[in-house]
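Breakdown of the fold
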Amino acid sequence: MDKIKQWTVLISAVSIISGILLSVIPQGKLRPAYKTLISVVLIYAFMSPLITSGSIDFNIGDYLKSNYELSGSYDKYALQSVTDSAEKAVEQVLFDLASAAEISCSFSAECVTEGDGVKLKKIIVSGAALPEIRDEIMKLLLDSGFDKEIIIFEDETDEQ
């Protein structure tokens, strides 16, 4: 890893010095020659690990060990993102179903991750105070393939 660090420092230094030199070189007949020389030096800097006898020592085991803890937190955030996306998708499908049936209510979905997948934990229906509307929503959801056990109706009195 130390050689990779040296190589990146070399490329950075050569790039900065090349930029400075090109900005101070006066316009004239020799400017293209300076550009060519700087380009050759820059190419040499990029190829220096291949030209020198030593090779780059990159140990994947050390890299994974040092970055594994960070990887675990990425997995947690990725799963949370997938769960949030699933909830929004279910809510949109339910909204579309209710709109098509001309039912006015709102839905809230809660999903959890189980194993390698995401499972719908519950559907909360609010804004359906009348029993007729609740029956119509329940029938619509059951006909769409949702389980009766996960459907919860929330009254305005429940929110207080």
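Residues numbered from 1 in each chain as written. Predicted model: local features only at pLDDT ≥ 70, side-chain atom pairs only at ≥ 80, totals over all residues. Heavy atoms only, no water.

**Re the environment of Leu 37**
The residue Leu 37 is located in helix H2 (residues 31–51) in this model. Between the C-alpha atoms of Leu 37 and Ser 18, which are 19 residues apart in sequence, the distance is 9.8 Å. (Helix = DSSP H or I, 4+ residues; strand = E, 2+ residues; numbered from the N terminus.)

**Considerations on a nonpolar patch on the surface**
A cluster of nonpolar side chains, Ile 16, Ile 17, Ile 20, Leu 21 and Val 24, forms an exposed patch at the surface whose accessible area comes to about 480 Å². If you trace the backbone, Ile 20 turns up in helix H1 (residues 2–24). (Patch = residues over 30% accessible without salt bridge, like charges linked within 9 Å, V, L, I, M, F, W, Y side chains within 5 Å. Areas by Shrake-Rupley, 256 points an atom, 1.4 Å probe, with all protein chains shown as cover. Salt bridge = Lys/Arg side-chain N within 4 Å of Asp/Glu carboxyl O.)

**Some thoughts on the pattern of salt bridges**
Once the charged atoms of two side chains with opposite charge are near each other, the side chains can pair. Going through the model one piece at a time under the given rule, you end up with 2 salt bridges. Glu 110 serves as the salt-bridge partner of Lys 122, at 3.9 Å between the closest nitrogen and oxygen. Highlighted residues: Lys 122 in strand E2 (residues 117–126) and Glu 110 in strand E1 (residues 106–114), separated in sequence by 12 residues. For Lys 122, a relative accessible area of 25% puts it in the partly exposed group. Here Glu 110 falls in the partly exposed class, since its relative accessible area comes to 27%. Between Asp 143 and Lys 139 there is a salt bridge, with its nearest N and O atoms 2.8 Å apart. (Buried < 20%, exposed > 50% of the residue type's maximum accessible area, 1.4 Å probe, protein only.)

**So, the sheet that holds strand E3 (residues 151–154)**
Reading across from one edge, E1-E2-E3 is the order of the 3 strands in this open sheet, with mixed pairing throughout. The two strands at the open ends of the sheet, each matched to only one other strand, are E1 and E3. Looking at each pair of strands side by side, their axes are set apart by 25 degrees on average, direction ignored. Of the strands in this sheet, E1, E2 and E3 touch helix H4 (residues 131–143), which is tilted by about 155 degrees from E3. (Pairing = 2+ DSSP bridges. Axes fitted to C-alpha atoms, helices over the stretch in contact; angles between N-to-C directions. Contact = heavy atoms within 4.5 Å.)

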